[in-house]
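Coordinate analysis (summary)
Below are the chains, spelled out letter by letter.
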Amino acid sequence: MKNKPPRLKKSLGQHFLKDRNIIKKIVDAAGIETDDTVVEIGPGGGALTEEILERNPQSLVCVEIDPEMVEFLKEKFKTRKNFTILNEDAKKFDLSQVGSNLKVLGNLPYNVSTAIIRNLLNYIDSVQTVIFMTQKEVAQRLTSTVGKDYGYLPALLQNFFKIEKLFDVPPGAFVPPPKVWSTVFKMTPLGFRMEEKELKKFESFLKKAFSNRRKKLKNNIGKPPSAELEEMFQKRAEEIPPTEMLSLFRKIRQIAPKQNF
């Protein structure tokens, strides 16, 4: 009897990619070589998995939260010695346990995509290239540097990653078709690092800065600690690009190290 994939679970935001041309374009974008270690987030029915294995990487490790899908894919790819699947939550998964110079791919579930992307930052030293597909709206936010789509997450991540849109994907490329378009984008580490203690404070600072989008920084963060920052505090967070936001944060910390973020 043929091994059939389990039913899709709405609770996990599962939409499986079926368009072969799109699948090939996504995997092409990762530039997979035979000595690469690849991680696929949320393989689902295995469409991307199959294409990745066609490129014969040294190792492919899939991270899947649905235990039924894990068993299905174990059976489907049981003859592939370079294939491993782990029943793990990608929002918390430790990429460093897989190795270094990882190429990470994934058609991310819409309902948890930003949490999975944020988790990447915890293991940036292990990552070489990331190719993700998300809801188009999420990709627009992540690639924004100012304006209404720009928020705390792109302000944080764009200091660590170059994030570039690759192409859009229509609903008809999936089963079942979602109600929205999707976008494939690439994330490449920029080599910037920050100690964990400072990173936590920077993230907290950004969340405060964007907490009320219509208000100026002086309303969201508080009174500027020096006259030289007065002009910057008159702006809204969405008017300040990621690198400038980092520079502002560090100036505040330098002038007022006990500032509570």
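Quick look at the structure, then. (Residues numbered from 1 in each chain as written. Predicted model: local features only at pLDDT ≥ 70, side-chain atom pairs only at ≥ 80, totals over all residues. Heavy atoms only, no water.)

**Some remarks on the pairing of strand β3 (residues 59–64)**
We count it as follows: Buried means the residue's accessible area, taken with a 1.4 Å probe over protein chains only, is under 20% of the maximum for its type, while exposed means over 50%, and partly exposed covers the values in between. In this description a helix means any DSSP run of H or I spanning at least four residues, a strand means any run of E spanning at least two, and both kinds are numbered starting from the N terminus. Note on pairing: two strands pair once DSSP finds at least 2 bridges between them.
Taken across its 6 residues, β3 has 5 buried, putting it largely inside the fold. Pairing analysis gives 5 bridges linking strand β2 (residues 37–41) to β3, with the strands arranged parallel. For Glu-40, the partnering residue across the bridge sits in β3 and is Cys-62. Inspection of the sheet shows β3 paired to strand β4 (residues 83–87) by 5 bridges, in the parallel sense.

**Some words on a positive patch on the surface**
The test is simple: What makes a patch is a set of residues exposed beyond 30% relative accessible area and free of salt bridges, joined within 9 Å when like-charged and within 5 Å when nonpolar (Val, Leu, Ile, Met, Phe, Trp, Tyr). Under the convention used here, a 1.4 Å probe and the Shrake-Rupley method define accessible areas, while residue burial counts only the protein chains that appear. One side-chain nitrogen of Lys or Arg within 4 Å of one carboxyl oxygen of Asp or Glu is enough to make a salt bridge. Neither His nor the chain termini are counted; the positive set is Lys and Arg, and the negative set is Asp and Glu. Charge positions come from single atoms, namely NZ of Lys, CZ of Arg, CG of Asp or CD of Glu.
On the surface, a cluster of positive charge is made up of Arg-214, Lys-216, Lys-218 and Arg-236. As for its placement among the helices and strands, Lys-216 is situated in the loop between α7 (196–209) and α8 (217–220). Lys-216 gets classed as partly exposed once you look at its relative accessible area, which sits at 33%.

**As for the packing of α7 against helix α10 (residues 242–255)**
Filter applied, for reference: Throughout, an axis means a line fitted to C-alpha atoms (over the contacting stretch in the case of helices), and angles, computed between N-to-C directions, take values from 0 to 180 degrees. Should an angle lie under 35 degrees it is considered roughly parallel, over 145 roughly antiparallel, and from 65 to 115 roughly perpendicular; all remaining angles are considered oblique. The crossing is said to be left-handed when, going from far helix to near helix, the turn is anticlockwise and less than a right angle, and right-handed when the turn is clockwise. Contact criterion: two residues are considered in contact whenever any of their non-hydrogen atoms come within 4.5 Å of each other. Residues are grouped as follows: Ala, Val, Leu, Ile, Met, Phe, Trp, Tyr, Cys and Pro are nonpolar; Asp, Glu, Lys and Arg are charged; all remaining types, including Gly, are polar.
Viewed as axis vectors pointing N to C, α7 and α10 meet at an angle of 110°, and their least axial separation amounts to 11 Å. On the basis of their axis angle, the class for α7 and α10 is roughly perpendicular. Of the two elements, α7 crosses α10, and the hand of that crossing is right-handed. Contact with α7, carried on its side by Glu-198, Lys-201, Phe-202, Phe-205 and Leu-206, involves Met-245, Leu-246, Leu-248, Phe-249, Arg-250, Ile-252 and Arg-253 of α10 and no other residues of that element. Its residues assigned to classes, the contact of α7 with α10 comprises 8 nonpolar, no polar and 4 charged.

**What to know about the packing of aromatic side chains**
The geometry of an aromatic ring pair is captured by two quantities: the separation of the ring centres and the angle between the planes. So the rule is basically this: Aromatic rings from Phe, Tyr and Trp, taking only the six-membered ring of Trp, are treated as a pair when their centres fall within 6.5 Å; an angle between ring planes under 30 degrees marks them as stacked, one over 60 as edge-to-face, and anything in between as tilted. By the criterion adopted, a ring carries a charge over it if an Arg CZ or a Lys NZ lies within 6 Å of its centre and within 35 degrees of its normal.
Taken as a whole and judged by the stated rule, the model has 7 aromatic pairs. Seen in terms of ring centroids, Phe-160 and Phe-192 are 5.1 Å apart; in terms of plane orientation they differ by 55°. Their pairing is tilted. With Phe-160 in the loop between α6 (152–157) and β7 (161–169) and Phe-192 in the loop between β9 (182–189) and α7, this pair connects stretches of sequence that are 32 residues apart. You can call Phe-160 buried: its relative accessible area is 3%. For Phe-192, a relative accessible area of 21% corresponds to the partly exposed category. Among the aromatic residues, ring-to-ring pairing joins Phe-202, Phe-205 and Phe-249 into one connected group. Just above the ring of Phe-167 sits the side chain of Lys-25; from NZ or CZ to the centre is 4.0 Å.

**Concerning the nonpolar core**
Cut-off, in case you're wondering: In plain words, nonpolar cores are sets of buried Ala, Val, Leu, Ile, Met, Phe, Trp, Tyr and Cys residues tied together by side-chain atoms within 4.5 Å.
Counting residues in each nonpolar core, the largest one holds 50 residues, and the members touching the most others are Ile-41, Phe-132, Leu-157, Phe-161, Met-187 and Phe-205. The contacts of Phe-161, once residues within four sequence positions are left out, are Leu-120, Leu-121, Ile-124, Met-187, Thr-188, Pro-189 and Leu-190. Ile-23, Leu-48, Leu-53 and Val-184 belong to the second-largest nonpolar core, a separate cluster that totals 28 residues.

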